[in-house]
Amino acid sequence: MKGSTRILLTAMSVGMLSACGQQGEKDQPALVEIDKDPYPSTYTPLPSATTAITNVTLLDGIGGRIEGASVLFEEGKVVSLGTDIQIPENAQIIDGTDKWVTPGIIDVHSHLGVYPSPGTRSHSDGNEATKPVTAQVWAEHSVWVQDAGFSRALAGGVTALQILPGSANLVGGRAITVKNLPDRTMQSMKFPDAPYGLKMACGENPKRVYGDKGGPATRMGNVAGYRQAWADAQDYKRKWEKYRAEHKAGKNPSPPKRDLTMDTLVGVLDGEIMVHMHCYRADEMAIMMDLMKEFDYQIASFQHAVESYKITDLLAENNVCSAMWADWWGFKMEAYDGIRENVPMVHQGGACAIVHSDDDLGIQRLNQEAAKALGDGLRAGIEISKAQAWQWLSANPAKSLGIFEQTGSLEPGKNADLVLWSTDPFSTYAQAERVYIDGGLAYDRQDPKSWPVQDFELGQPGEGDVK
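Owing to the predicted nature of the structure, the values given are computational and were not obtained by experimental measurement.

Conventions adopted
- Residues numbered from 1 in each chain as written.
- Predicted model: local features only at pLDDT ≥ 70, side-chain atom pairs only at ≥ 80, totals over all residues.
- Heavy atoms only, no water.
- Helix = DSSP H or I, 4+ residues; strand = E, 2+ residues; numbered from the N terminus.
- Expected span 1.5 Å × (residues − 1).
- Buried < 20%, exposed > 50% of the residue type's maximum accessible area, 1.4 Å probe, protein only.
- Contact = heavy atoms within 4.5 Å.
- Phe/Tyr/Trp six-rings, centres within 6.5 Å; stacked < 30°, edge-to-face > 60°.
- Pairing = 2+ DSSP bridges.
- Axes fitted to C-alpha atoms, helices over the stretch in contact; angles between N-to-C directions.
- Parallel < 35°, antiparallel > 145°, perpendicular 65-115°, else oblique.
- Left-handed = near helix turned anticlockwise from the far one by under 90°.
- Nonpolar A, V, L, I, M, F, W, Y, C, P; charged D, E, K, R; others polar.
- Core = buried A, V, L, I, M, F, W, Y, C linked by side-chain atoms within 4.5 Å.
- Polar contact = N/O pair within 3.5 Å; in protein donor to acceptor, adjacent residues only side chain to side chain.
- UniProt positions renumbered as here; feature names shortened; annotations may be inferred.
- Disulfide = S-S within 2.5 Å.

Student: Any chance you could explain helix α6 (residues 282-294) here in plain terms?
Tutor: For an α-helix the count is 3.6 residues per turn, leaving residues at separations of three or four pointing the same way. The end-to-end C-alpha separation of α6 is 19 Å, in line with the 18 Å expected for 13 residues at 1.5 Å each. Listing the buried residues of α6 in full gives Ala-282, Glu-284, Met-285, Met-288, Met-289, Leu-291 and Met-292. Of the surrounding secondary structure, the elements contacted by the buried residues of α6 are α4 (219-248), β10 (274-279), β11 (299-304) and α7 (312-317). Downstream of α6 by one or two residues, Asp-296 has phi in the positive range, about 60°.

Student: I tried to follow the packing of aromatic side chains on my own but got confused; where do I start?
Tutor: The geometry of an aromatic ring pair comes down to the distance between the two centres and the angle between the two planes. Following the criterion strictly, the structure yields 14 aromatic pairs and no others. Judged by centre distance (6.4 Å) and plane angle (70°), the rings of Tyr-236 and Trp-240 are edge-to-face. With a gap of 4 residues between them, Tyr-236 and Trp-240 both fall in helix α4, about one helical turn apart. By relative accessible area, Tyr-236 is classed as buried at 7%. Taking the centre distance of 5.7 Å and the plane angle of 80° together, the rings of Trp-325 and Phe-331 count as edge-to-face. Under the relative-accessibility criterion, Trp-325 is labelled buried at 7%.

Student: Is there a simple way to think about the sheet that holds strand β7 (residues 158-163) in this case?
Tutor: Strands in a sheet are paired, the pairing made by backbone hydrogen bonds, and the direction either parallel or antiparallel. Read from one edge of the open sheet, 8 strands run β6-β7-β8-β9-β10-β11-β12-β13, paired in mixed fashion. Both outer strands of the open sheet, β6 (105-110) and β13 (353-355), are each paired with one neighbouring strand and no more. The sheet shows a mean angle of 25° between the axes of neighbouring strands, taken without regard to direction. Pairing geometry for β11 and strand β12 (residues 321-324), over 4 bridges, is parallel. Counted as the bridge partner of Phe-302 is Ser-322 from β12. Together, β10 and β11 form the strand contacts of α6, whose direction differs from that of β11 by roughly 160°.

Student: So what exactly am I meant to see when it comes to the pairing of strand β2 (residues 65-74) here?
Tutor: Consecutive side chains along a regular strand alternate between the two faces of the sheet. Inspection of the sheet shows strand β1 (residues 51-59) paired to β2 by 6 bridges, in the antiparallel sense. Each residue of the ladder has a partner; that of Ile-53, found in β2, is Val-71. With antiparallel pairing between neighbouring strands as the criterion, β1 and β2 make up a hairpin whose turn holds 5 residues, including Gly-61 at a positive phi of roughly 90°. Judged from the 5 bridges that link them, β2 and strand β3 (residues 77-82) form a sheet pairing that is antiparallel. For Glu-74, the partnering residue across the bridge sits in β3 and is Lys-77. A loop of 2 residues connects β2 with β3, the two strands running antiparallel in sequence, and Glu-75 in this loop sits at a positive phi of about 50°.

Student: Help me out: how do you make sense of the packing of α4 against α6 in this one?
Tutor: A pair of packed helices can be characterised by two numbers: the angle between their axes and the separation between those axes. α6 packs onto α4 with a crossing angle of 20° between their chain directions and a minimal axis gap of 11 Å. By the angle between their directions, the pair α4 and α6 is classed as roughly parallel. Crossing of α4 against α6: the hand is right-handed. Where α4 approaches α6, its residues Arg-219, Val-223, Tyr-226, Arg-227 and Trp-230 are matched on the opposing element by Glu-284, Ile-287, Met-288, Leu-291 and Glu-294. Split by residue class, the contact of α4 with α6 holds 6 nonpolar, no polar and 4 charged.

Student: Please clarify how the nonpolar core should be interpreted in this entry.
Tutor: Across soluble globular proteins, nonpolar side chains show a tendency to be buried alongside one another. Among the nonpolar cores identified, the biggest contains 90 residues, and Leu-198, Trp-230, Tyr-297, Phe-302 and Trp-392 are the most heavily contacted of them. Formed by 14 residues, the second largest nonpolar core is a distinct cluster that contains Val-56, Leu-58, Ala-69 and Leu-420.

Student: Explain the side chain of Glu-369 here, please?
Tutor: Take Glu-369: it is sitting in helix α9 (residues 366-379). In this structure the side chain of Glu-369 is engaged in a polar contact, spanning 3.1 Å, whose partner is the side chain of Lys-372. Each residue touching Glu-369, except ones within four places of it in the same chain, is listed here: Ala-326, Asp-327 and Val-355.

Student: I keep staring at the UniProt feature "domain: Amidohydrolase-related" (unreviewed entry) in the chain and nothing clicks. Help me out?
Tutor: The sites that UniProt annotates as "domain: Amidohydrolase-related" (unreviewed entry) are residues 376-426. Across residues 376-426, the secondary structure splits into 29% helix and 8% strand, with the terminal C-alpha atoms separated by 13 Å.

Student: Hey, could you run me through the state of the cysteines in this one?
Tutor: Should the sulfur atoms of two cysteines be covalently bonded, the bond is a disulfide. Counted by the stated rule, this structure contains 2 disulfides. Through a disulfide, Cys-202 is tied to Cys-279; the S-S separation comes to 1.9 Å. Residues Cys-202 and Cys-279 are joined by a disulfide whose S-S torsion is about 130°; by sign, that bridge is right-handed. Residue Cys-202 is found in the loop between β9 (197-201) and α3 (204-210), and its partner Cys-279 is found in strand β10; the two are separated by 77 residues along the sequence. Exposure class is identical for Cys-202 and Cys-279. Each is buried.

This is how it looks when you write it as structure tokens:
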């Protein structure tokens with residue numbers, strides 16, 4: 001009897017322990033995860049029809065040129081291109097005789113919306129110049145979608161652009177890539193699934209802004225500021241990794257305190273956010289590439305980069321693009337050693353060359369900026385074809401923004417983001433006649449009544465506008 005009782009009590013004890021274990025697992029709080037996309041894209045493409053543009057000179061954006069070509073697109077995607085393609089009977093056919101077709105222009109450096117037109121102080125929302133590291137701010141939360149600059153850029157063949165914070169800070173905040181379809185909200189313009197960018201700046205700007213505000217006041221102070229920010233981000237990353245590991249092991253850990261600045265920096269360390277760094281001098285760009293190796297992240301591009309021609313080998317080795325002007329130089333000391341052959345020399349050196357605007361007027365004629373750079377290279381004996389040069393405006397920008405699988409070249413299956421030009425787009429006289437985004441006709445120069453008009457412009461037409 002006693003033996004039976006002992007067995008019964010043991011069985012009851014095991015059952016109770018088992019139940020306690022199950023209860024403990026049930027009581028474990030759910031794993032705390034950070035929403036990495038709290039402001040998701042709500043972009044909806046324009047309606048599109050099956051369309052064929054025929055008899056054009058076509059630049060495919062990746063170095064190819066086809067004379068007497070046709071391009072067919074439907075349901076928002078490029079279907080085929082070449083000199084002998086099958087065109088469905090239901091297709092809208094546009095005769096492009098004597099005209100050119102290219103991929104849409106992508107501007108990797110724009111402040112439209114955060115420094116909108118009209119450029120009043122009340123609209124100045126691009127620099128959170130309150131402390132050197134402001135990775136917690138997001139440019140999209142400043143963008144004024146009524147900026148007339150979007151529709152002006154569209155008329156210049158720009159189908160996508162990156163909007164960045166300004167360059168006052170060591171770390172200025174997140175950048176956003178958008179489809180150039182002006183709409184009511186920022187989210188409705190966001191390029192679906194495009195990675196975020198992070199704006200950083202080296203050189204004169206941060207030390208000028210913060211030299212009298214506690215620093216940094218020197219270039220060595222700048223570098224110390226970056227290093228401390230990345231070291232803090234590594235520590236924050238380790239805390240979250242420890243928390244997740246302990247939770248997975250069945251423990252009941254407390255999640256680390258949320259830090260919006262660190263969230264963005266850790267996104268870079270995890271390879272989810274792409275760094276675009278305002279930097280002029282070759283020596284500083286070399287230091288920044290050493291910095292990225294120290295903390296194991298990748299710089300996607302140097303912006304402005306007027307001395308990139310001096311370090312083309314380093315840029316190529318480290319897979320860093322240079323986004324450059326054709327001929328801006330000399331407006332401050334760090335821009336003093338710029339040369340007009342910068343873009344073609346970077347291209348010739350095997351590195352990724354991009355022509356960018358950083359300007360609400362320049363974005364309207366980026367094809368002409370590329371033409372200037374191409375011409376300067378040819379005069380210096382650097383042989384680059386027009387088909388190769390168009391990479392500076394489409395494929396290379398798309399690669400630096402992490403959207404090349406979707407856009408940046410005319411290839412079957414890619415988004416039908418393209419421009420029909422009145423003539424050679426490297427000509428001063430070229431006009432974007434039709435601009436398509438995802439196969440939808442976003443701009444038609446022959447139909448002024450269809451031109452996009454921002455609410456702010458109603459009753460206030462700009463010179464030359466028809467409204």
